[in-house]
Amino acid sequence: MDCDVVVAGAGPTGLMLACELALGGARTVVVERRKEPEKHSKAMGMQGRTVELLELRGLLDRFKEGAGVLQGGNFASLGVPMRFEEFDTRHPYVLLVPQLRTEELLAERAVELGVRIVRGAAVTGFAQDEEGVTVETGTGRLRARYLVGCDGGGSTVRRRAGIGFTGQDPQMYALIGDMRFSGDLPRGEGLGPMRPVGLVNPERRSWFGAFQHQPGVYRATVAWFGEPFPDRHAPVTEEEMRAALIEHTGSDHGMHDVTWLSRLTDVSRLAEAYRRGRVLLAGDAAHIHLPAGGQGLNLGVQDAVNLGWKLAAVARGRCTEDLLDSYQSERRPVADGVVRNTRTQAVLIDPDPRYDALRQTFRELMALPDTNRHIAGMLSGFDVTYRTGDHPLTGRRMPDAELLTAEGPRRISDCFTRARGLLLLPEPAPAVSPLAAWADRVDTLTTKAGGPEPATAYLIRPDGYVAWAGDPARHDELHHAAATWFGAAA
Ligand SMILES: Cc1cc2nc3c(=O)[nH]c(=O)nc-3n(C[C@H](O)[C@H](O)[C@H](O)COP(=O)(O)OP(=O)(O)OC[C@H]3O[C@@H](n4cnc5c(N)ncnc54)[C@H](O)[C@@H]3O)c2cc1C
């Protein structure tokens with residue numbers, strides 16, 4: 001074997017996964033088609049749950065440096081802010097980090113952890129057998145135990161694995177880009193995700209939206225419903241963007257200094273399976289949808305944090321392949337939910353006057369605390385739950401809290417930098433941890449006070465979700481949970 005895992009693609013998903021695999025002790029090689037890192041950012045924002053996960057890994061300070069913060073979030077540009085403060089979190093906001101910066105920081109971290117990143121080599125095919133998978137990279141071959149396709153929406157790995165990618169064809173078409181404007185921009189009730197700078201054109205079923213992400217530089221979008229692009233894959237020219245602006249807003253607003261242009265649609269698809277034998281999918285390779293509400297990158301990074309510790313444990317022989325089944329059963333429903341909410345948003349941002357009543361009804365619903373919480377939970381990722389037991393906290397993200405320990409105060413969020421499990425016990429501290437036989441994978445911490453229910457014991461997975469919660473004396477239950485998530489006792 002050249003390594004334990006080959007990751008195809010050095011986007012945010014592949015790089016985060018590589019970091020997680022390395023923390024779990026898996027020797028990892030990332031193969032990236034591009035010779036140089038991307039020069040333009042698609043995503044601009046990081047949702048609250050992703051921020052929490054970066055904090056768990058001790059990476060948040062790097063990401064926060066120079067980053068802005070957006071309060072409230074945006075659902076279908078309805079103008080009703082989401083109340084993230086309703087959740088038990090220290091991060092009720094969207095952190096504004098350009099995707100470029102995210103990739104740069106994750107690549108830096110991956111290299112620190114010993115990951116090899118090979119740029120300028122594309123995964124072109126693979127063959128799997130009982131022992132492993134042989135990955136073709138165009139210029140050579142790599143032999144590994146597992147291959148993960150993090151190679152984006154057009155994933156070669158997914159196609160070569162014969163995994164179906166089903167969903168809905170586009171109905172909305174948009175040109176998007178970064179540029180400056182010398183003229184005034186319309187400041188109306190823009191329907192686009194970048195309101196309030198925007199303009200709705202109900203006659204043409206189109207809208208224009210723009211927001212300033214650097215001094216004088218706008219991310220501008222012109223979107224229309226109905227008429228498809230003549231060629232989905234043709235590069236966008238400045239002339240095409242200018243013509244679209246004039247057609248849908250009546251002016252090019254003095255557009256100049258264009259640095260990036262791209263096409264965008266609301267096509268949505270979900271992989272029919274997340275794993276075929278020794279080959280798995282994560283990120284856009286497994287799900288694509290309209291980037292409404294800023295969720296795609298977050299979904300991919302969270303796939304990576306769900307999969308990384310499990311795959312590392314299986315690849316290193318600590319756990320059986322059953323553990324990998326939980327990756328699909330936990331993450332595919334989350335992606336399905338995101339596909340549904342973005343399809344809902346695609347209808348709500350369609351300026352066709354037939355949807356005005358629907359928009360108004362949604363605005364009223366979003367003003368209700370329960371509905372607002374439901375939508376805010378989906379977009380932020382705070383509501384992601386992997387139900388595995390009867391205790392109300394089982395399967396939920398462990399809320400952060402300050403704990404009082406014999407060694408002094410400690411935050412829960414500081415206990416996961418090495419991506420190990422954590423057993424949180426109430427006092428009195430036992431002479432020997434009930435999970436002593438898992439001490440190579442699970443840390444034990446006794447608290448004098450703190451935690452959601454002080455008399456309860458919690459077994460927390462490396463991704464910060466509660467694997468088991470209950471009476472600290474129930475060693476049988478605790479051992480069963482430890483064996484399920486961390487493998488057999490040493
Ligand atoms: C305009 C726009 C705005 C967006 N805004 C947001 C936002 O605010 N928030 C958010 O969460 N999401 C947003 N998204 C979505 C987000 O950009 C994607 O979900 C995210 O890039 C997915 O990351 P990924 O690593 O899974 O895939 P990608 O970023 O597509 O990375 C895949 C990588 O694999 C490489 N690759 C491809 N084929 C191969 C191969 N055969 N072998 C090796 N390497 C290969 C590619 O070169 C690339 O580097 C936006 C998307 C768009 C288009």
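Residues numbered from 1 in each chain as written. Predicted model: local features only at pLDDT ≥ 70, side-chain atom pairs only at ≥ 80, totals over all residues. Heavy atoms only, no water.

A. Structural detail: helix 9 (residues 356-366). Listed in full, the buried residues belonging to helix 9 are R359, F362 and M366. With its buried residues spanning 65° around the axis, helix 9 presents them on a single face. Against the buried residues of helix 9 lie helix 8 (322-348) and helix 10 (369-380). (Buried < 20%, exposed > 50% of the residue type's maximum accessible area, 1.4 Å probe, protein only. Helix = DSSP H or I, 4+ residues; strand = E, 2+ residues; numbered from the N terminus. Arc of directions from axis to C-beta. Contact = heavy atoms within 4.5 Å.)

B. How the structure looks around the environment of G408. Examined against the element boundaries, G408 turns out to sit in strand 21 (residues 408-411). Taking the C-alpha atoms as reference, G408 lies 37 Å from L297; in sequence the two are 111 residues apart.

C. Representation of the domain arrangement of the chain within the structure. Domain parsing of the chain yields domain 1 (3-167 + 269-380), domain 2 (172-265) and domain 3 (402-486). Summarising the inter-unit geometry, the C-alpha centres of domain 2 and domain 3 are found 51 Å apart. (Domains from an automatic or database assignment.)

D. Expanded view of the sheet that holds strand 10 (residues 165-168). Ordered by their spatial adjacency, three strands build an open sheet running 10-16-19, and the pairing between neighbours is antiparallel. Strand pairing shows two members of the sheet lacking a second neighbour, strand 10 and strand 19 (287-288), which therefore form its edges. Most of the contacts of helix 8 go to strand 16 (residues 268-271), to which it runs at about 170°, and overall it touches strand 10, strand 16 and strand 19. (Pairing = 2+ DSSP bridges. Axes fitted to C-alpha atoms, helices over the stretch in contact; angles between N-to-C directions.)

E. Representation of unusual backbone geometry. Cis rather than trans, the peptide bond between E427 and P428 has omega equal to 5°. Its place among the elements puts P428 in the loop between strand 22 (421-426) and strand 23 (442-449). Despite not being glycine, D257 has its phi angle at roughly 50°, a positive value. The phi dihedral of A419 falls on the positive side, at around 55°, and the residue is not glycine. Within the element layout of this structure, A419 appears in the loop between strand 21 and strand 22.

F. Molecular detail of the nonpolar core. Among the nonpolar cores identified, the biggest contains 111 residues, and V5, F63, L147, V148, L311, L424 and L459 are the most heavily contacted of them. Residue contributions to this core peak at twelve residues, all from helix 7 (residues 296-315). With 27 residues, the next largest nonpolar core counts L78, A174, L264 and L379 among its residues. (Core = buried A, V, L, I, M, F, W, Y, C linked by side-chain atoms within 4.5 Å.)

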